[in-house]
Amino acid sequence: MPTIENGSVTLNICDNGIATITFYHPAQNSLPAALLDELAEKIIGAGEDAKVHIIVLKSGGDRTFCAGASFDELLQIKDKEAGGVFFSGFAKIINACRKSSKIIIARIQGKAVGGGVGLAAAADYCLATEAASIKLSELAIGIGPFVISPAVTRKIGLPAFSQLTIRATDFQTAHWAMEKGLYNEVYPDIAALDAAMDALAEKLASYHPEALKGLKEILWEGTADWDELLAERAAISGELVLSEFTQQALHAFLKK
């Protein structure tokens, strides 16, 4: 299995047209820049492959879907240009999901934090377990969920996004996430999740590809300006991460 910055991204395409993209990082599936780039490339590649009908997005392990940005890398950012480039990694993934002609189903087996919530929001349909609680912790470390906010707000609306952002240290349950529209289905455990995921992916893969493509276009109507919008948001985060407040907060978090 190829490794990227001690993590990995793999793509497996089955004969039935289901492409499964799996990312993994030992630090709770956090996403360093190299992993963000590779994940975006895999999503783009699967979307352009005529053999692929449906994309399944998942992560390794059984406890955390994605812990968001790599704090170790955030501490290495020394200027706003580098900061903008790092946060643009999340923009690349969201835009890759948005522009893909294929329906993307996300398998959320555990907690999603920060950018992990953004990944879930960028998918077209989410299946999760009851352990898949969510949190947007960015305000607590002196930045904000600026890059992912368009994707998250599109799914759950501004009132729920406000609650999730302002309650930056609090997890919201998987059932809360389903009630607000981030998750579409919630299951008691991973076994039930995987059974439902497999059944849904196989059913969708049997549908007319052009019908699925047309549905995808409808689902993302009104987002044509996101290339520019998310780049602007990445620049905001890239500058804030340099602040003394954020640097101290990151150091304090890593010492826990």
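Presented here is an overview of the structure given in this document.

Each value, and the rule that gives it
Residues numbered from 1 in each chain as written. Predicted model: local features only at pLDDT ≥ 70, side-chain atom pairs only at ≥ 80, totals over all residues. Heavy atoms only, no water. Pairing = 2+ DSSP bridges. Helix = DSSP H or I, 4+ residues; strand = E, 2+ residues; numbered from the N terminus. Contact = heavy atoms within 4.5 Å. Salt bridge = Lys/Arg side-chain N within 4 Å of Asp/Glu carboxyl O. Buried < 20%, exposed > 50% of the residue type's maximum accessible area, 1.4 Å probe, protein only. Axes fitted to C-alpha atoms, helices over the stretch in contact; angles between N-to-C directions. Expected span 1.5 Å × (residues − 1). Polar contact = N/O pair within 3.5 Å; in protein donor to acceptor, adjacent residues only side chain to side chain. Parallel < 35°, antiparallel > 145°, perpendicular 65-115°, else oblique. Left-handed = near helix turned anticlockwise from the far one by under 90°. Nonpolar A, V, L, I, M, F, W, Y, C, P; charged D, E, K, R; others polar. Core = buried A, V, L, I, M, F, W, Y, C linked by side-chain atoms within 4.5 Å.

### Observations regarding the sheet that holds strand β6 (residues 111-113)
Hydrogen bonds along the backbone pair up the strands of a sheet, which may run parallel or antiparallel. If you trace the three strands from one edge of the open sheet to the other, you get β4-β6-β8, paired in parallel fashion. Since the sheet does not close on itself, it has two edges, and those belong to β4 (64-66) and β8 (134-135), each with one partner. Taken together, the two bridges between β6 and β8 define a ladder with parallel strand orientation. Its bridge partner being in β8, A112 is matched across the sheet by I134.

### Topic: the environment of F90
Summarising the element assignment, F90 is placed in helix α3 (residues 80-99). Apart from the residues lying within four places of it in its own chain, the contact partners of F90 are L31, L36, G68, A69, G115 and V147.

### Some words on the pattern of salt bridges
The tally for this structure, following the rule as stated, stands at nine salt bridges. In this structure, D194 and R107 form a salt bridge, with 2.6 Å as the shortest nitrogen-oxygen distance. Of this pair, D194 sits in helix α7 (residues 190-205) while R107 sits in strand β5 (residues 103-108), placing them 87 residues apart in sequence. A relative accessible area of 7% means that R107 is categorised as buried. Here E179 and K180 are joined by a salt bridge, their closest N and O atoms 3.6 Å apart. Taken together, the salt bridges that share partners define one network made up of R98, K99 and D227.

### Examining the sheet that holds strand β7 (residues 125-129)
With respect to topology, six strands assemble into an open sheet ordered β1-β2-β3-β5-β7-β9, the strand pairing being mixed. Every interior strand has two partners, whereas the edge strands, β1 (8-13) and β9 (185-187), have only one. Averaged over all neighbouring strand pairs, the angle between strand axes comes to 20 degrees, with direction disregarded.

### Thoughts on helix α9 (residues 226-240)
Taking 1.5 Å of rise per residue, 15 residues should cover 21 Å, and α9 covers 21 Å from first to last C-alpha, within 8% of that figure. Residues of α9 that are buried: W226, L229, L230, A234, S237 and G238.

### Details of helix α4 (residues 115-122)
Helical geometry: 3.6 residues make up each α-helical turn, so side chains three or four residues apart lie on a common side. The buried fraction of α4 is high, at eight of eight residues. Buried within α4 we find G115, G116, V117, G118, L119, A120, A121 and A122.

### Describing the side chain of R98
Relative to the helices and strands, R98 is located in helix α3. Among the polar contacts listed, one links the side chain of R98 to the side chain of N95, at a separation of 2.9 Å. Side chain to side chain, R98 and D227 meet in a polar contact 3.3 Å long. If we ignore the near neighbours within four places in the chain, the residues touching R98 are K216, W220, T223, A224, W226 and D227.

### Here we look at the packing of α4 against helix α5 (residues 149-166)
The interhelical angle for the contact between α4 and α5, taken along N-to-C directions, is 140 degrees, at an axis separation of 9 Å. The pairing of α4 with α5 is recorded here as oblique in orientation. As for the relative orientation of α4 and α5, their crossing is right-handed in sense. Contacts between α4 and α5 involve V117, G118, A120 and A121 from the first element and A151, V152, R154, K155 and L164 from the second. Classifying every residue of the contact of α4 with α5 by side-chain character gives six nonpolar, one polar and two charged.

### Focus: the nonpolar core
In this structure, F23, L39, L74, I108, I134, L182 and Y183 are the most contacted members of the largest nonpolar core, which totals 68 residues. It is α3 that provides the largest number of residues to this core, a total of eight residues. What I134 contacts, discounting residues up to four positions off in sequence, is A112, V117, L164, D170, F171, Q172, W176, A177, L182 and Y183. One finds I18, I103, L127 and L193 within the second-largest nonpolar core, a separate group that totals 14 residues.

### Remarks on the packing of helix α1 (residues 33-48) against α3
Where α1 contacts α3, the two axes come as close as 9 Å, and the packing angle between them is 15 degrees. Here α1 lies roughly parallel to α3, going by the angle between them. Handedness of the α1/α3 crossing: left-handed. Counting all contacts with α1, which are made through A33, L36, D37, L39, A40, I43 and I44, the residues of α3 involved are F86, G89, F90, K92, I93, A96 and C97.

### Describing unusual backbone geometry
Within the chain, Q28 stands out as a residue other than glycine whose phi angle is a positive 55 degrees. Mapping Q28 onto the fold places it in the loop between β2 (18-24) and α1. On the basis of relative accessible area, Q28 is assigned to the exposed category, the value being 51%. Here N29, not a glycine, exhibits a phi torsion of approximately 55 degrees, which is positive. Mapped onto the secondary structure, N29 falls in the loop between β2 and α1. Using a relative accessible area of 3% as the deciding quantity, one classes N29 as buried.

Purely geometric stuff here, so don't read any function into it on its own.
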